[in-house]
Amino acid sequence: MIVLWGIGNEQLLKAVHEAVTEIGHTPVVIDQREVLCTDVQLICAAEVAGYVRTPTHSINLCDITAAYIRPYDARRLPAIERAGPRSAAWRHALAVDEAISAWSELTPALVVNRLSAMMSNGSKPYQLELIRRHGFSVPDTLLTTDAAAVEEFWARHGEIIYKSTSGTRSIVARLRPEQRADFVRLRHCPVQFQQCINGRDHRAHVVGDEVYACEVISDATDYRYPVGASVELRACRLPHEIEDRCRTLAVALRLPLAGIDLRLTPAGEWYCFEVNPSPAFTYFEAHTDLPIGAAVARLLAAGAHAAQSWPALSAAPTHAAQVSA
Amino acid sequence: MFVVIASQRDEIAQAFAARGGAHEIGIMTSRDLSCAGWRHRLSAPHEAMAVVGGRSVPGPEIEGVLTRLPYVWESELAHIAERERAYVASEMSAFLLAWLTSLRCPVLNRPAPASLTGPSWRLPKWLQLAARTGLAVRPFIQDCHALNEQPSTLSRHAPDEAHAVTTLTVVGGHTFGVAADELKAQARALAHAAGVALLGVYFDGAGAGATFLGINTCPDISGPEIGAAVRACLAGGVPC
């Protein structure tokens, strides 16, 4: 059984539903909009069992072979927000979220993607270091509360950008001379600065073993927010070595589905900036015809067999590895 | 020097720092993250500068770090404008995760993406790991019936220290607390399986075969023996 958990009419959930249906499976949707009519029982010890009952389905958790999960914060659902934090509805919605989230971490089924695996994106420099360790060039990066350190870094690289350190979405912007007046605010909290890498953006979607890439033709510093600049996406093939590196990185981050942001410099060097653990692949699919949704569907259909590459509990490192990098 | 990352109100951290022994121990709070002087360049960790207790400290002078703060909470940021606190707390937590991960010295515990004190797993995941490690567990059952009037969250059902009969504290290869040797060995095995060097483990009794109840990745280290073991671990003198 393939389960989809999230907002039933959300674009990505609908796209995955459609793609899974097209290859002959009947996915079951646990629609968060129906959370107040959803019962969950979770039984955990060495194994996990239980059920989810929605208005239309009764799901034995042991029957699930694969799940695509894209949960929203249930507290922001209109019915829950209206009911308020002291209501039974609020408590129930949180409990259902917690129970299904807990199941998704424990089940041997394939989960695209486990919530714990998505966490590396919560700290960009932390994730960048993982990316570097897996063979990609990464931009020189400074986190500082010190104006003098920014000046040195700026002088070293000529052009630098700044962006949020956490997973909070921010527009990547080049640092301009007139912003020196704002340096006094640096002392409130470390700010992330990066060497500006010129080149052409590429987005690689890794789906299991498959890699779907496109190049982004745009003059914008951050093509997600082009501000008047044009953006064109073209499907392309990455060099085999880079494809392999993308696969290895996705496995290392325990992400069966990953959106990897790359840039190819004029000198032919590939830089990696970030791995998006919940990529909005429909945007790239719509502009390039890359069959990413179909690949996600095939991956889900492979289910538990594919899950072996992305186990629920990662092997614990040794204590020695814990205390020495 | 050793550094303890802690809440401004953490009395256990302050007591630990006061008994520093041969090592200077500084307490780093969220207030230190709002001081000029931090420098962390990913490609040059040896050039790093930190701020500890309001003082700039070159990164290489930091010999060990004990983390007692799972995240930077908004409530710790009274010095930040209220509308900015949530964002700043999230930025500071993300920064500390990257900085702690870059350190070459002992760090108790090594941070995980969702918690600076180590794995932030829900109780069911700890139960599963405990069961697979050979500890006795009682199945955890959570029922969420539609519009149940009673709170039904994992935290409500989670056994914790208040319900524990026996608390064992694992520090590196040592276990502190009064219990059967078998239970102590199980506590160490659980910490090892979880990849943490510092762990409080709760049981419903002290005898062999007692049932596992829960954990704490930020246990009480105020006892002199436990404190000494933590300092030894930070100094690299104890396998951890």
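Residues numbered from 1 in each chain as written. Chains lettered and ligands numbered in written order. Predicted model: local features only at pLDDT ≥ 70, side-chain atom pairs only at ≥ 80, totals over all residues. Heavy atoms only, no water.

(A) Examining the overall build of chain B more closely. Within chain B one finds six helices and twelve strands. Relative to the 2.2 N^0.38 estimate, which gives 18 Å for 240 residues, the radius of gyration of chain B is 19 Å and therefore close to what a compact globule would have. When its C-alpha atoms are laid out on the principal axes, chain B stretches across 50 × 50 × 30 Å. Per-residue burial over chain B gives 55% buried out of 240 residues. Intrachain contacts of chain B at a sequence separation of at least 6 include 58% that bridge at least 24 residues. Surface accessibility of chain B: about 9,400 Å² in total, with carbon and sulfur atoms responsible for 52%. (Helix = DSSP H or I, 4+ residues; strand = E, 2+ residues; numbered from the N terminus. Rg over C-alpha atoms; globule rule 2.2 N^0.38 Å. Buried < 20%, exposed > 50% of the residue type's maximum accessible area, 1.4 Å probe, protein only. Contact = heavy atoms within 4.5 Å. Areas by Shrake-Rupley, 256 points an atom, 1.4 Å probe, with all protein chains shown as cover.)

(B) Spatial organisation of helix 2 (residues 85-102) of chain B. Across its 18 residues, helix 2 of chain B extends 26 Å between first and last C-alpha, which sits within 8% of the 26 Å expected from 1.5 Å per residue. Of all 18 residues that make up helix 2 of chain B, 14 are buried, and the element is covered over most of its length. (Expected span 1.5 Å × (residues − 1).)

(C) Main features of the pattern of salt bridges. Residues and elements named next belong to chain A. Considering all chains together, one arrives at 29 salt bridges over all chains under this definition. The closest approach of N and O atoms between R70 and E10, which form a salt bridge, is 2.9 Å. On the criterion of sequence distance, the pair formed by R70 in strand 6 (residues 66-70) and E10 in the loop between strand 1 (2-6) and helix 1 (11-22) is long-range, its members being 60 residues apart. E10 matches R70 in its accessibility class, with the two residues each being buried. Of the charged contacts, one joins E210 and R298 as a salt bridge, the two residues approaching to 2.8 Å between their closest N and O atoms. Of this pair, E210 sits in strand 13 (residues 210-218) while R298 is found in helix 9 (residues 292-307), placing the two residues 88 residues apart along the sequence. A single salt-bridge network, built from bridges that share partners, covers R237, E243, D244 and R247. (Salt bridge = Lys/Arg side-chain N within 4 Å of Asp/Glu carboxyl O.)

(D) A look at unusual backbone geometry. All names here are of chain A. The peptide bond linking V112 to N113 adopts the cis configuration, its omega dihedral lying at -10 degrees. Along the chain, N113 turns up in the loop between strand 7 (110-112) and helix 4 (115-118). A positive phi is found at R254, a non-glycine position, where the angle reads about 60 degrees. With respect to the helices and strands, R254 occurs in the loop between helix 7 (240-252) and strand 15 (257-264). At D289, a position not held by glycine, the phi torsion is positive, near 65 degrees. You can see D289 is positioned in the loop between helix 8 (281-288) and helix 9.

(E) The state of the cysteines, seen in detail. Considering all chains together, one arrives at zero disulfides over all chains under this definition. Cysteine C35 of chain B is unpaired, with the sulfur of C189 of chain A as its nearest cysteine sulfur at 12 Å. (Disulfide = S-S within 2.5 Å.)

(F) Spotlight on the packing of aromatic side chains. Residue and element names in this part refer to chain A. Within this structure, the stated rule accounts for six aromatic pairs over all chains. The ring of Y51 has R53 sitting right over it, with the charged end atom 4.0 Å from the ring centre. Looking at R245, its charged tip hangs above the ring of F136, at a distance of 5.5 Å from the centre. (Phe/Tyr/Trp six-rings, centres within 6.5 Å; stacked < 30°, edge-to-face > 60°. Lys NZ or Arg CZ within 6 Å of the ring centre and 35° of its normal.)

(G) View of the side chain of Q194 of chain A. Residues and elements named next belong to chain A. Mapped onto the elements of the fold, Q194 is located in strand 11 (residues 191-195). Accessibility expressed as a relative area gives 2% for Q194, which makes it buried. Within the structure, the side chain of Q194 is placed 3.2 Å from the side chain of T141, a separation counted as a polar contact. In this structure, Q194 is in contact with L128, P139, D140, T141, F153, E159, I160, I161, K163 and F273, ignoring residues within four places of it in sequence. (Polar contact = N/O pair within 3.5 Å; in protein donor to acceptor, adjacent residues only side chain to side chain.)

(H) View of the packing of helix 5 (residues 124-133) of chain A against helix 2 of chain B. Remark: helix 5 of chain A packs on helix 2 of chain B, axes separated minimally by 7 Å, with the N-to-C direction vectors making an angle of 40 degrees. What the angle tells us is that helix 5 of chain A and helix 2 of chain B run oblique. Each of P125, Y126 and R133 of chain A in helix 5 of chain A lies in contact with helix 2 of chain B, whose residues at this interface are L97, A98 and T101 of chain B. Split by residue class, the contact of helix 5 of chain A with helix 2 of chain B holds four nonpolar, one polar and one charged. (Axes fitted to C-alpha atoms, helices over the stretch in contact; angles between N-to-C directions. Parallel < 35°, antiparallel > 145°, perpendicular 65-115°, else oblique. Nonpolar A, V, L, I, M, F, W, Y, C, P; charged D, E, K, R; others polar.)

(I) Highlighting the interface of chain A and chain B. In this complex, chain A contributes 66 residues to the contact, which on the side of chain B involves 65 residues. Here chain A and chain B share an interface that buries about 5,500 Å² over both sides, 57% of which is from carbon and sulfur atoms. A salt bridge links E105 of chain A to K125 of chain B, with the nearest nitrogen and oxygen atoms 3.5 Å apart. Of all elements in the fold, only strand 3 (39-44), helix 3 (88-106), helix 5, strand 8 (141-144), helix 6 (147-157) and helix 10 (319-323) of chain A reach the threshold of two or more residues within the side of chain A that touches chain B. Looking at which element gives the most residues to the side of chain A that touches chain B, the answer is helix 3 of chain A, with twelve residues. Tallied by class, the residues present in the side of chain A that touches chain B amount to 34 nonpolar, 20 polar and twelve charged. Pairing of strand 3 of chain A with strand 8 (residues 140-144) of chain B, which is carried by five bridges, proceeds in the antiparallel orientation. Within strand 8 of chain B, the residue paired with Q41 of chain A across the bridge is D143 of chain B. (Buried area = accessible area lost by both parts, 1.4 Å probe. Pairing = 2+ DSSP bridges.)

(J) Geometry of the side chain of D32 of chain B. All names here are of chain B. Mapped onto the secondary structure, D32 falls in the loop between strand 2 (25-28) and strand 3 (39-41). Nearest to the buried, unbridged D32 among oppositely charged side chains is R31, at 7.5 Å. Not counting residues within four places of it along the chain, the set of residues in contact with D32 comprises I27, W38, V51, V52, G53 and G54. (Lys, Arg positive; Asp, Glu negative; His and termini not counted.)

(K) Quick peek at the sheet that holds strand 6 (residues 64-67) of chain B. Residue and element names in this part refer to chain B. Read from one edge to the other, the open sheet built from four strands follows the order 2-1-6-7, with strand pairing classed as parallel. The sheet terminates laterally at strand 2 and strand 7 (107-108), the two strands that pair on one side only. Examined bridge by bridge, strand 1 (residues 2-5) and strand 2 share four bridges and lie parallel to one another. The residue bridging F2 from the neighbouring strand is I25, located in strand 2. On top of the sheet, helix 1 (residues 11-18) reaches strand 1, strand 2 and strand 6; it is set at about 160 degrees to strand 2, its chief contact. Its contacts with the sheet put helix 2 on strand 1, strand 2, strand 6 and strand 7, and the angle it makes with strand 1 is roughly 150 degrees.

(L) Representation of the pairing of strand 2 (residues 28-31) of chain A in the model. Residues and elements named next belong to chain A. Bridge count for strand 1 against strand 2 is four bridges, and the pairing is parallel. Bridged to W5 within strand 2 is I30. The β-α-β motif built from strand 1, the intervening helix 1 and the parallel element strand 2 has right-handed crossover chirality. (Right-handed = clockwise from strand over helix to strand, strands pointing away.)

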